[in-house]
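Remarks on the overall topology
Residue strings, one per chain:
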Amino acid sequence: EGETGPGAIPRIKLVLLGDSGVGKSCLVLRYVRGQFDPSSKVTVGAAFMSHSVHLQDGTTVKFEIWDTAGQERYASLAPLYYRGASAACVVYDITNAESFQKAKHWVSELQKNASGAIVIILVGNKSDLTEQREVTTESGQEYAERNSMLFMETSAKTAANVAAIFEAVALKLAGSGA
Ligand code: GDP
Ligand code: MG
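The residue numbering used here restarts from 1 in each chain and proceeds along that chain's sequence as written. Throughout, the order in which chains and ligands are written sets their labels, letters from A for the former and numbers from 1 for the latter. Note on the predicted model: pLDDT of at least 70 is required for a residue's local features to be given, and 80 or more for side-chain atom pairs to be given and counted; whole-chain, interface and lining totals, by contrast, use all residues.

This next bit is on the overall build of the chain. In DSSP terms, a helix is any run of H or I states spanning at least four residues, a strand is any run of E spanning at least two, and both are numbered starting from the N terminus. For the chain, the helix and strand inventory stands at five helices and six strands. C-alpha atoms define the radius of gyration in this analysis, and the globule rule sets the expected value at 2.2 Å times the number of residues to the power 0.38. What you see for the chain is a C-alpha radius of gyration of 15 Å, in line with the 16 Å of a compact globule of 178 residues. Taken along the three principal axes of its C-alpha coordinates, the chain extends 50 × 35 × 30 Å. Whether a residue is buried, exposed or partly exposed follows from its count of other C-beta atoms within 10 Å of its own C-beta, namely 20 or more, 12 or fewer, or something in between, respectively; the C-beta atoms are built from the backbone. Going through the 178 residues of the chain one by one, you find that 37% of them count as buried. Taking the contacts inside the chain whose residues are at least 6 apart along the sequence as the reference set, 70% of them involve residues at least 24 apart. It is the C-beta atoms, placed from the backbone, that decide contacts: two residues are in contact if theirs lie within 7 Å.

Written out as C-alpha cells, the structure is:
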C-alpha cells in the first residue's frame, strides 16, 4: 500500500456520477467482476472497488473506483469523491431524457469545482434498449465534444463498450502525462 516509487502500478482514482437508476453500479460490476445482476441493490452513500487492468498498450494501471449514490440526499457528499479524482465518469440512461439533463448538471458542477486536470467521460448507458431510446447518440456526442469530454455509449447488460470507458480514460491520462 502507498507505494509510489518506480515500478509501482499507477493508480487512477475514478468517480462515477449520475442520476439514480442509470446503471452506475451495474457498469462497475460488469467491469470488475464481468457480471450483470438485474436485481442489484441501490447504492447507499458510496461504494469502493479497485481493479488492476492490463491496457492494450501493455501497461498496467489500478483503477480505484468510487461508485456514488445518485439520490438527491447524497448530492452534498459528491465533492468528497470527485475532489482529488483523476477522472470522472458521468452516466446517463439513453432511455431517460431527464437523466441526460441531470448529467449536464454534474458536468457543470465538475467544471466549477473539480480540478482542472480531471478527465471527464460522458457515458450513455443501456444502449441495448434501442427501442426505448430518448437521447440520440448525436446529442450525447455533441455535448461531450463542446465540453472537451470523452464520450461512450455502453451497456452493462451486454458489456458493450464497458471496458472501453476505462481504456479511454487511461489513454487520455497517459497522453496528458498525469
Ligand atoms: P445506479 O443507481 O446508477 O447505480 O443504477 P444500477 O446499476 O443500480 O441500475 C439500475 C437499474 O438499471 C437496474 O435494474 C439494472 O438492472 C438496470 N440496468 C443497468 N444497466 C443496464 C443496461 O446496460 N441495460 C439494461 N437493460 N438495464 C440496465
Ligand atoms: Mg448504484
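Here the focus is the site of ligand 1. Lining the immediate surroundings of ligand 1 are 19 residues, of which Gly-23, Lys-24, Ser-25, Cys-26 and Lys-157 lie closest. Split into classes, the residues belonging to the shell around ligand 1 amount to five nonpolar, 10 polar and four charged. Using a C-beta atom placed from the backbone, a residue is described as near a molecule or strand when that atom lies within 6 Å of it. Note on residue categories: nonpolar means Ala, Val, Leu, Ile, Met, Phe, Trp, Tyr, Cys or Pro, charged means Asp, Glu, Lys or Arg, and polar means any other residue, Gly included.

The next thing to look at is the pairing of strand β6 (residues 150-153). With four bridges joining them, strand β5 (residues 119-125) and β6 adopt parallel strand pairing. Residue pairing for β6: Gly-124 is matched across the bridge by Glu-153. Viewed with both strands pointing away, a crossover whose connecting path from the first strand over the helix to the second turns clockwise is right-handed. With respect to chirality, the unit in which β5 leads through helix α4 (residues 137-146) into the neighbouring parallel β6 is right-handed. Pairing between strands is defined by DSSP: at least two bridges between them are needed.

Another point: the sheet that holds strand β1 (residues 11-18). Spatial ordering of the open sheet is given by β2-β3-β1-β4-β5-β6, a layout of six strands whose pairing is mixed. Each edge of the open sheet carries a strand with a single partner, namely β2 (46-54) and β6. This sheet shows a mean twist of 25 degrees between the axes of neighbouring strands, independent of strand direction. As paired elements, β1 and strand β4 (residues 87-93) share five bridges and run parallel to each other. Bridge assignment links Val-15 to a residue of β4, and that residue is Ala-88. Axis geometry follows a simple rule: fit a line to the C-alpha atoms, using only the stretch in contact for helices, then measure angles between N-to-C directions, giving values from 0 to 180 degrees. Helix α3 (residues 97-113) contacts β1, β4 and β5 of the sheet and is inclined by roughly 160 degrees relative to β4.

Working note: regular strand, side chains alternate between the two faces of the sheet. The sheet contact formed by β2 and strand β3 (residues 60-68) spans nine bridges and is antiparallel. By the bridge assignment, His-54 is partnered in β3 with Thr-60. Taken together, β2 and the strand that follows it, β3, pair antiparallel across an intervening segment of five residues, in which Gly-58 is found at a positive phi of about 95 degrees.

Checked against the element boundaries, Gly-34 lands in the loop between α1 (24-33) and β2. Each C-alpha atom, one on Gly-34 and one on Val-15, is 19 Å from the other, the two residues being 19 residues apart in sequence.

For the chain, the mean per-residue pLDDT works out to 90, and 93% of the residues sit at or above 70. If you check the scores for this complex, the pTM reads 0.93 and the ipTM reads 0.99. Note: pLDDT gives the predictor's confidence per residue, expressed from 0 to 100.

Let us now look at unusual backbone geometry. Backbone geometry at Lys-126 places phi at a positive 70 degrees, although glycine is not the residue there. Counting through the fold element by element, Lys-126 comes out in the loop between β5 and α4. Owing to 25 C-beta atoms within 10 Å, Lys-126 belongs among the buried residues under this scheme. One non-glycine residue, Ser-148, adopts positive backbone phi at about 55 degrees. With respect to the helices and strands, Ser-148 occurs in the loop between α4 and β6.

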